[in-house]
Each structure stands twice: as C-alpha cells, then as structure tokens.
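Chains, contacts and geometry: an overview
Listed below are the residues making up each chain.
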Amino acid sequence: GEGELTWGGYDEDHFKGEIKWVDLSEQSYWRVAIDGISMGAYQSGPTDAIIDSGTSLITGPSKDITAIAHHIGAKKTITGQFTVDCDTLDDIPDIEWTLGGTPYVVPGKNLVLQSAGLCIFAMMGIDFPAPGPKWILGDVFMRTYYTIFDYENARVGLAEAV
C-alpha cells in the first residue's frame, strides 16, 4: 500500500478509533517496552522493541523467530529466511504485541510477503548485542497500525490503520 509522512501532526483519514500512546522506554531509536508477545503456543515475557519505518520486516531474537516459524509450519531456506505454503495463509494465527497494556494484533496473513509465486515469512531473526533492542517492529507492523512519532513528548501513538 501507499505510505505517507506528515510533519507536525497526523491525518485522521488514515486511522480509525482512538490513538493509544506508548511512552518511550529510551529516547533513542523509538524504543518501547513490550509487556508480552503471543501467537498460538508461543508466548514471551516482557521485552522491548524499536518501532522503525526503515525496517521492512519484523525482527526478533533468532530463537524466538525460529519457534514462531516452526509453529506456523514455515520452512527455512538456504538464505536463512522462512517460506510459507501460499495455500495456508488463512491458517496462520494472529500475533499479538502488548504495549502499555494495550494489545496490538497483526493478522497472520499479514506476516507473509508474496512475490513471484513465493510466500516469504515477514519475520527474521537478528540477535543484537546489548544494549540493543530485542525486536524491531518494522513496516509489517506499521501497515496494520497507523504510527505517530511524537518527538516532543517522547512517545509513539498507535491506532488501527485504514
């Protein structure tokens, strides 16, 4: 879909419902605390992430991404990415990110990028050394949630994108 960058405000035509504000846990890289992540049998405890429009995918610790990929039946390719059977997209469970006590659900089918007949799992394992973030919520997340970067108040606003 098409994206848009607005300076000094936001466009109410691009989201529905209420904007929920999440305070930054660290004022660098738009870092936020995550209360937990869940997808079917996969559950995480508290962790953290940066919300980043410069990252196409959702990234996380390799062991977590591998566990999630196996949970949905994804197969690892020689390049380290995972692919999904394109006929099973409707069977992929939703993933839920809880930030500031609010659940943000990304539908399972939105976790797949389709290209040239392939269905590529849009989550990738990256292990950042401390003090780096554990997760990056990139464009895959931001297509589902209209995102407002509020520099002045050190927070991120999220609302359901339309």
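Placed above this text is the structure.
Overview of the structure.

What counts as what
Residues numbered from 1 in each chain as written. Predicted model: local features only at pLDDT ≥ 70, side-chain atom pairs only at ≥ 80, totals over all residues. Heavy atoms only, no water. Helix = DSSP H or I, 4+ residues; strand = E, 2+ residues; numbered from the N terminus. Rg over C-alpha atoms; globule rule 2.2 N^0.38 Å. Contact = heavy atoms within 4.5 Å. Areas by Shrake-Rupley, 256 points an atom, 1.4 Å probe, with all protein chains shown as cover. Lys, Arg positive; Asp, Glu negative; His and termini not counted. Charge placed at Lys NZ, Arg CZ, Asp CG, Glu CD. 1 Å grid on protein atoms, 1.4 Å probe; cavity = no way out; pocket = protein on both sides within 12 Å on 5 of 7 lines; lining within 4 Å. Points joined across faces, edges and corners; volume = space filled by probe spheres on them. Nonpolar A, V, L, I, M, F, W, Y, C, P; charged D, E, K, R; others polar. Pairing = 2+ DSSP bridges. Axes fitted to C-alpha atoms, helices over the stretch in contact; angles between N-to-C directions.

Considering the overall build of the protein chain
- Helix and strand content of the protein chain: two helices and 16 strands.
- Taken over the C-alpha trace, the protein chain has a radius of gyration of 16 Å; the compact-globule value for 162 residues is 15 Å, and the two agree within 12%.
- Each principal axis of the C-alpha distribution contributes one length, and for the protein chain these read about 45 × 35 × 25 Å.
- Counted over contacts in the protein chain with a minimum sequence separation of 6, partners at least 24 positions apart contribute 64%.
- Just so you have it, the protein chain exposes about 9100 Å², and 50% of that area is on carbon and sulfur atoms.
- Once the 10 positive and 23 negative side-chain charges of the protein chain are each reduced to a mean point, those two points are 7 Å apart.

A closer look at the layout of surface pockets
- Considered as a void within the structure, the largest pocket measures approximately 1000 Å³ in volume.
- Residue lining of the largest pocket: 26 residues in total, with E4, L5, M142, Y146 and T147 positioned closest to the centre.
- The set of elements that each furnish at least two residues to the lining of the largest pocket consists of α2 (139-142), β15 (145-150) and β16 (155-161).
- Grouping the amino acids of the lining of the largest pocket by side-chain chemistry returns twelve nonpolar, eight polar and six charged.

Here we look at the sheet that holds strand β2 (residues 31-34)
- A sheet is described by the order of its strands in space; here five strands give the open sequence β2-β5-β14-β6-β13, paired in mixed fashion. Across the chains shown, the open sheet's two edge strands, defined by having one partner strand only, are β2 and β13 (123-125). Across the sheet, the mean angle from the axis of one strand to that of its neighbour is 30°, orientation sign disregarded.
- Here strand β6 (residues 58-60) pairs with strand β14 (residues 135-137) via two bridges, running antiparallel. By the bridge assignment for β14, I58 is matched with L137.

Read these as layout, nothing more, since geometry by itself doesn't imply function.
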